[in-house]
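These are the residues of each chain, in order.
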Amino acid sequence: MRKFIYAFDPEEKEELARRGYKLVQSDDERGVYVFLNSGTLSFSEENAGRFALGDTLWL
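The structure displayed is predicted, hence computed values, not measured ones. (Residues numbered from 1 in each chain as written. Predicted model: local features only at pLDDT ≥ 70, side-chain atom pairs only at ≥ 80, totals over all residues. Heavy atoms only, no water.)

1. Notes on the nonpolar core
And then number 1: Counting residues in each nonpolar core, the largest one holds eight residues, listed as Ile5, Ala7, Leu16, Tyr21, Tyr33, Phe35, Leu41 and Phe51.
And then number 2: Of all elements in the fold, only strand S1 (4-7) and strand S3 (32-36) reach the threshold of two or more residues within this core.
And then number 3: Beyond its immediate stretch of four places on either side in the chain, phenylalanine 35 contacts Lys3, Phe4, Ile5, Lys13, Leu16, Ala17, Tyr21, Lys22, Leu23 and Val24. (Core = buried A, V, L, I, M, F, W, Y, C linked by side-chain atoms within 4.5 Å. Buried < 20%, exposed > 50% of the residue type's maximum accessible area, 1.4 Å probe, protein only. Helix = DSSP H or I, 4+ residues; strand = E, 2+ residues; numbered from the N terminus. Contact = heavy atoms within 4.5 Å.)

The following block contains the structure:
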């Protein structure tokens with residue numbers, strides 16, 4: 001399991017926050033939002049373009 005979830009849209013940011021994910025870093029100007037991955041969200045090919053998963057925290 002990857003440590004971080006990257007969202008690239010304010011609506012996706014709000015969706016992850018509503019699901020209880022903890023926002024650890026954000027850049028509103030660039031539209032990048034990083035959350036800790038608790039492993040409760042299942043990522044399918046349908047939403048593969050909406051989020052990115054990674055082990056490195058970067059902005």
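2. Digging into helix H1 (residues 10-18)
And then number 1: Turning to H1, its buried residues number three or more, namely Glu12, Lys13, Glu15 and Leu16. The arc enclosing the buried residues of H1, seen along the axis, measures out at 160°, which places them on a common side. In H1, the exposed positions angled more than 90 degrees off the buried face are occupied by Glu11 and Arg18.
And then number 2: The elements touched by buried residues of H1 are S1, strand S2 (23-27), S3 and strand S4 (51-54).
And then number 3: If you check the start of H1, you find a side-chain oxygen 2.7 Å away from the backbone N of glutamate 11, and it comes from aspartate 9.
And then number 4: Glycine 20 sits one or two residues past H1 and shows a positive phi near 95°. (Arc of directions from axis to C-beta. Polar contact = N/O pair within 3.5 Å; in protein donor to acceptor, adjacent residues only side chain to side chain.)

3. Quick notes on the environment of leucine 36
And then number 1: Turning to its location among the elements, leucine 36 is positioned in strand S3.
And then number 2: Overall, leucine 36 belongs to the partly exposed group, its relative accessible area being 37%.
And then number 3: Through-space distance from the C-alpha of leucine 36 to that of tyrosine 6 is 9.1 Å; in sequence the pair is 30 residues apart.
And then number 4: Aside from chain neighbours lying at most four places away, what touches leucine 36 is Lys3, Phe4, Ile5, Tyr21, Lys22 and Val24.

4. Topic: the sheet that holds S3
Adjacent strands of a sheet form backbone hydrogen bonds with each other and so pair up, either parallel or antiparallel.
And then number 1: With antiparallel pairing, the four strands of this open sheet are ordered in space as S2-S3-S1-S4. In this open sheet, the two edge strands, each paired with only one partner strand, are S2 and S4. Strand-to-strand, the axes of this sheet are offset by a mean angle of 20°, without reference to chain direction.
And then number 2: As judged from the four bridges shared by S1 and S3, these two strands associate in the antiparallel manner. Within S3, the position partnered with isoleucine 5 by the bridge is phenylalanine 35. (Pairing = 2+ DSSP bridges. Axes fitted to C-alpha atoms, helices over the stretch in contact; angles between N-to-C directions.)

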